[in-house]
Amino acid sequence: MKIFIDSANIHEIREAASMGILDGVTTNPSLVAKEGKNFRQLLDEIVQVVDGPISAEVVSIDKDGILREARELAKIHENIVVKIPLIKEGLKAVRVLSEEGINTNVTLCFSPTQALLTAKAGGTYVSPFIGRLDDISIDGMELIRQIIGIYQNYGYTTQVLAASIRHPLHVVQAALAGADVCTIPFKIIDQMFQHPLTASGLETFLNDWKKNESKLV
Ligand code: E4P
C-alpha cells in the first residue's frame, strides 16, 4: 500500500519525506487555506520535496471551469494529480482529462455507485472518505471493501485511495482491505511509529549497555 501524507504544510511534508516512507501527497482547499500561502507557490515547494503523485484540487463545479483549472494545475509539474469533486460535471471533466493523459483523483466519494462511475469515467484514483462516514455512524471501511470488490470484478484500473483517516487502526484496516493508497495526516503517521514496548525495550537495552565494558568503537 502506498502512503501519502494528507497535508499542505510544507514542514510536515518535509518531515514525513525525511522518514523514507512517503509515496505522495494529497491536499484539499481547506488544508491549503489553513497555510495562508499562494497555491501555486505552495505546489512549487511541494513538488521539490516529494517525487510522487501530488493531488491539487480544483474549486470550479462546472465542466469547463474544472477543465480550465485542471489543465493549469497539470502544467505545473508532471507529478500533479488533479483532484476533482465527485459530481456529474466533475466526472464529465474526468473523462476528457483521462483522454488527455492528465491524472485525476476523484474526491468526496461516499458510495459504491459513485466509485463505479469514477472508474467508468477513467479516474486515476478514487478517494472514499472513511472518517466522515464513521462520523455519521456508517462503516467507512465497508465502503473501501465494496469498491475494491467491484473494481476487482471488472478489472478496473482506478486506484482506491483511502482518505479521511482518523487513527492508526484505519490505516491497518485499509491495508488489510487491499486499498492501493492510504492518505494519512502527519499526526497519525507519527503515531504509527509508536509502541510502548519499543520505547521501554530500547530504554532497557541502552541502560544495560552503559554497564558493559566492551565497546564497538
Ligand atoms: C482527502 O484527500 C482529503 O484531503 C482528506 O482525507 C479529508 O479528510 P478529513 O475528513 O479529515 O477532512
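Keep in mind that this is a model prediction, so the values were computed, not measured.

Engineer: Help me understand the overall build of the protein chain, please; the structure alone is not making it clear to me.
Structural biologist: Summing up its helical and strand segments, the protein chain has eleven helices and eight strands in all. Along the longest, intermediate and shortest principal axes, the C-alpha atoms of the protein chain span 70 × 40 × 30 Å. Accessible area for the protein chain stands at about 11500 Å²; split by element, carbon and sulfur atoms hold 54% of it. Taken as two groups, the 21 positive and 26 negative side-chain charges of the protein chain have centres that lie 3 Å from each other.

Engineer: What exactly am I supposed to notice about unusual backbone geometry here?
Structural biologist: Phi at serine 137 takes a positive value of approximately 65°, unusual for a residue other than glycine. Look at serine 137 and you get exposed, because its relative accessible area is 72%. Positive phi outside glycine occurs at serine 164, with the angle close to 55°. For serine 164, the location among the structural elements is in the loop between strand S7 (159–162) and helix H9 (168–177).

Engineer: Is there a simple way to explain the state of the cysteines in this structure?
Structural biologist: Two cysteines, two sulfur atoms, one covalent bond between them: this is a disulfide. Scanning the model with the defined rule gives zero disulfides in all. Free of any disulfide, cysteine 109 has its nearest neighbouring cysteine sulfur in cysteine 182, separated by 15 Å.

Engineer: Help me understand the pairing of strand S5 (residues 104–109), please; the structure alone is not making it clear to me.
Structural biologist: Regular strands show a simple pattern: their side chains alternate between the two faces of the sheet. In terms of burial, S5 is largely enclosed, as five of its six residues are buried. Where strand S4 (residues 80–85) meets S5, four bridges bridge the pair, whose relative direction is parallel. Across the sheet, residue lysine 83 finds its bridge partner in S5, namely asparagine 105. Following the backbone out of S4, through helix H5 (residues 88–100) and into the adjacent parallel S5, one traces a crossover that is right-handed. In this structure, S5 lies alongside strand S6 (residues 125–128), joined through three bridges in parallel fashion. What sits directly across from cysteine 109, in S6, is proline 128.

Engineer: What exactly am I supposed to notice about the site of the ligand here?
Structural biologist: In the region of the ligand, the neighbouring residues are Asp6, Thr26, Asn28, Lys83, Phe129, Arg132, Ala163, Ser164 and Arg166. One nitrogen or oxygen atom from the side chain of lysine 83 is found 2.7 Å from an oxygen atom belonging to the ligand. In isolation the ligand exposes 350 Å². Once the protein is present, 85% of that is buried.

Engineer: What am I meant to see in the pattern of salt bridges here?
Structural biologist: Pairing is possible between side chains that carry opposite charge, provided their charged atoms lie close to one another. Within the structure shown, the criterion is met by eleven salt bridges. Among the salt bridges present, the one from glutamate 99 reaches arginine 95, with a minimum N-O distance of 3.3 Å. Note that glutamate 99 and arginine 95 are positioned in helix H5 at a spacing of four residues, about one turn of the helix. With relative accessibility at 32%, the residue arginine 95 sits in the partly exposed group. Within this structure, Asp139, Glu142 and Arg145 form a network of salt bridges that share partners.

What counts and how
- Residues numbered from 1 in each chain as written.
- Predicted model: local features only at pLDDT ≥ 70, side-chain atom pairs only at ≥ 80, totals over all residues.
- Heavy atoms only, no water.
- Helix = DSSP H or I, 4+ residues; strand = E, 2+ residues; numbered from the N terminus.
- Areas by Shrake-Rupley, 256 points an atom, 1.4 Å probe, with all protein chains shown as cover.
- Lys, Arg positive; Asp, Glu negative; His and termini not counted.
- Charge placed at Lys NZ, Arg CZ, Asp CG, Glu CD.
- Buried < 20%, exposed > 50% of the residue type's maximum accessible area, 1.4 Å probe, protein only.
- Disulfide = S-S within 2.5 Å.
- Pairing = 2+ DSSP bridges.
- Right-handed = clockwise from strand over helix to strand, strands pointing away.
- Near = heavy atom within 4 Å.
- Polar contact = N/O pair within 3.5 Å; in protein donor to acceptor, adjacent residues only side chain to side chain.
- Salt bridge = Lys/Arg side-chain N within 4 Å of Asp/Glu carboxyl O.

Read these as spatial facts, not as claims about activity.
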